[in-house]
Amino acid sequence: MKLLVVIDMQNDFIDAALGTKEAVAIVPNVQKKISEYKANKNPIVFTRDTHQKDYLKTLEGKNLPVEHCIQGTNGWQISSQLDTSASKIIDKPTFGSFALADYVSSLENLEQIEIVGLCTDICVISNALILKAKLPEVPIVCDSSACAGVTPQSHKNALEAMKMCHIKII
């Protein structure tokens, strides 16, 4: 079985508080992946960056003082352009998610993990490396056309770093 992991495809990262034109541009590619996985009856898990109203008082908020993905807000929601039906959603309070790794490691007959989403240089790379550490013998693939970084250069840098850690970049 192949698993698709869709990282933080939330309104605030696409076209709101921290959105970019590159993030907007990948939405159709991400939905195409979702459709392919559903057609092949492969599971899909979404992560959702989840902050609270005190975000600006947190360490992350002090380093990135832009309120985003506050639980319950429109910006926190996964884009309505993406089909989340019959998919698991894991809320995560920071870049990488041990809850995601625990969930993925509980799946049986896992042949491959494919990871897509936002932002390549923060949450995608963090989760890809956690998954690689937790499941070193499961191949991990990152589709660069279904990811976007904070900047095009940081996106490229993150792809190169993942490649060096034996994550296949397509």
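This report concerns the structure included in the present document.

Here is what the cut-offs are and how they apply
Residues numbered from 1 in each chain as written. Predicted model: local features only at pLDDT ≥ 70, side-chain atom pairs only at ≥ 80, totals over all residues. Heavy atoms only, no water. Phe/Tyr/Trp six-rings, centres within 6.5 Å; stacked < 30°, edge-to-face > 60°. Lys NZ or Arg CZ within 6 Å of the ring centre and 35° of its normal. Axes fitted to C-alpha atoms, helices over the stretch in contact; angles between N-to-C directions. Helix = DSSP H or I, 4+ residues; strand = E, 2+ residues; numbered from the N terminus. Parallel < 35°, antiparallel > 145°, perpendicular 65-115°, else oblique. Left-handed = near helix turned anticlockwise from the far one by under 90°. Contact = heavy atoms within 4.5 Å. Nonpolar A, V, L, I, M, F, W, Y, C, P; charged D, E, K, R; others polar. Core = buried A, V, L, I, M, F, W, Y, C linked by side-chain atoms within 4.5 Å. Buried < 20%, exposed > 50% of the residue type's maximum accessible area, 1.4 Å probe, protein only. Expected span 1.5 Å × (residues − 1). Salt bridge = Lys/Arg side-chain N within 4 Å of Asp/Glu carboxyl O. Pairing = 2+ DSSP bridges.

Here the structure, examined in full by the defined rule, presents 0 aromatic pairs. Lying over the aromatic face of Trp76, Arg48 brings its terminal NZ or CZ to 3.9 Å of the ring centre. Just above the ring of Tyr103 sits the side chain of Lys88; from NZ or CZ to the centre is 5.3 Å.

As a further point, take the packing of helix α4 (residues 98-105) against helix α5 (residues 120-134). Across the interface, α4 lies against α5 with an axial gap of 9 Å and an inter-helix angle of 45°. On the basis of their axis angle, the class for α4 and α5 is oblique. Crossing handedness for the pair α4 and α5: right-handed. Residues Phe98, Leu100, Ala101, Asp102, Val104 and Ser105 of α4 form the contact with α5, whose participating residues are Asn127, Ile130, Leu131 and Lys134. For the contact of α4 with α5, a count of residues per class yields 6 nonpolar, 2 polar and 2 charged.

So, about the nonpolar core. Buried together is how nonpolar side chains tend to be arranged in soluble globular proteins. Counting 26 residues, the largest nonpolar core has Val5 and Ile113 as the members making the most contacts within it. Contributing elements (two or more residues each) for this core: β1 (2-7), α4, β4 (112-118), α5, β5 (140-148) and α6 (152-164). Residues in contact with Ile113, not counting those within four places in the same chain, are Leu3, Val5, Val104, Leu131, Leu135, Val138, Pro139, Ile140 and Val141. Val6, Val30, Cys119 and Ala148 belong to the second-largest nonpolar core, a separate cluster that totals 22 residues.

This part is about α6. Counted at 1.5 Å a residue, the expected span for α6 with its 13 residues is 18 Å, and the 19 Å between its end C-alpha atoms agrees. Those residues of α6 that are buried lie in contact with α5, β5 and β6 (168-169).

The next subject is the pattern of salt bridges. Going through the model one piece at a time under the given rule, you end up with 7 salt bridges. Across the salt bridge formed by Lys92 and Asp8, the nearest N and O atoms sit 2.8 Å from each other. Separated by 84 residues along the polypeptide, Lys92 in strand β3 (residues 88-92) and Asp8 in the loop between β1 and α1 (11-14) bring together distant segments of the chain. Looking at Asp8, the relative accessible area reads 0%, which means it is buried. Between Lys33 and Glu114 there is a salt bridge, and its shortest N-O distance comes to 2.6 Å. Here Glu114 lies in strand β4 and Lys33 lies in helix α2 (residues 21-39), a separation of 81 residues in the sequence.

Pairing is parallel across the open sheet formed by 6 strands, whose spatial order is β3-β2-β1-β4-β5-β6. Whereas interior strands pair on both sides, the edge strands pair on one side only; in this sheet they are β3 and β6. For β1 and β4, the ladder comprises 6 bridges, and the chain directions are parallel. When the bridges of β4 are listed, Val6 appears paired with Val116.

Let us look at the pairing of strand β2 (residues 44-49). Here β2 lies mainly inside the structure; 6 of its 6 residues are buried. Side chains Ile44, Phe46 and Arg48 project from β2 onto one buried face, and the interleaved Val45, Thr47 and Asp49 project onto a second face that is buried too. Across 4 bridges, β1 lies against β2 in parallel orientation. If you follow Val5 over to β2, its bridge partner there is Val45. Bridge count between β2 and β3: 5 bridges; the pairing is parallel. Along β3, the bridge assignment pairs Thr47 with Ile90.

Any functional reading would require information beyond the geometric quantities listed.
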